[in-house]
Amino acid sequence: MKSNIDIIAFIYKTLNNFGVKKLLDGGNIYLLGTRPHNSEQSDVVVGSLTHRNEQFIHTTAMVNVFVKDLFNGKEYLPNFEKLNELSKFIMEVFRDKYFENEKIYVDIETQSLYKADNSQEYISSIRLNVRVINKN
């Protein structure tokens, strides 16, 4: 049976395998709760909402993309170009995909944009619909 930890690990591994880290300009991919609070990089954080452990699992995984604002000498401005590039790339990785070896189907549920509290960065929050056929 797959747990939330298995699902998060799968999303994390898939992002790494598709080369997302190379697009982060020195940033990293983190599991939920492990991103440094003082990170100055573009980063991706992977998490999952709860699910019941049954034969067929339907859950939501979260991929949050953090991109620092640009400073033009006077003010901080959102780096929407970088945020859009990363968001589109990640959404394409998971758009309507079935991963045969893992028996996992993933699709995009929503994508939202947020200004982070108390820091000069924006977050693109990508919610993934994840369906898993648990093997007995």
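Cut-offs applied
Residues numbered from 1 in each chain as written. Predicted model: local features only at pLDDT ≥ 70, side-chain atom pairs only at ≥ 80, totals over all residues. Heavy atoms only, no water. Buried < 20%, exposed > 50% of the residue type's maximum accessible area, 1.4 Å probe, protein only. Helix = DSSP H or I, 4+ residues; strand = E, 2+ residues; numbered from the N terminus. Pairing = 2+ DSSP bridges.

Draft legend 1. Local environment of unusual backbone geometry. One non-glycine residue, Asp-25, lies in the positive phi region at around 50°. Overall, Asp-25 belongs to the exposed group, its relative accessible area being 53%. A positive phi angle is found at Asn-118, which is not glycine, with a value near 60°. On the secondary structure map, Asn-118 appears in the loop between strand S7 (104-115) and strand S8 (121-133). We classify Asn-118 as exposed; its relative accessible area is 84%.

Draft legend 2. Fine view of the pairing of S8. Burial of S8 is extensive: 10 of the 13 residues sit out of reach of the surface. Where strand S3 (residues 56-68) lies against S8, 13 bridges are found, and the strand directions are antiparallel. Looking at the pairing, Thr-59 lines up with Val-130 of S8. Relative to S8, S7 is paired through 11 bridges, and the arrangement is antiparallel. In the strand pairing of S8, Lys-115 is matched with Tyr-122. Here S7 hands over to S8 after five residues, with Asn-118 in that stretch at a positive phi of 60°.

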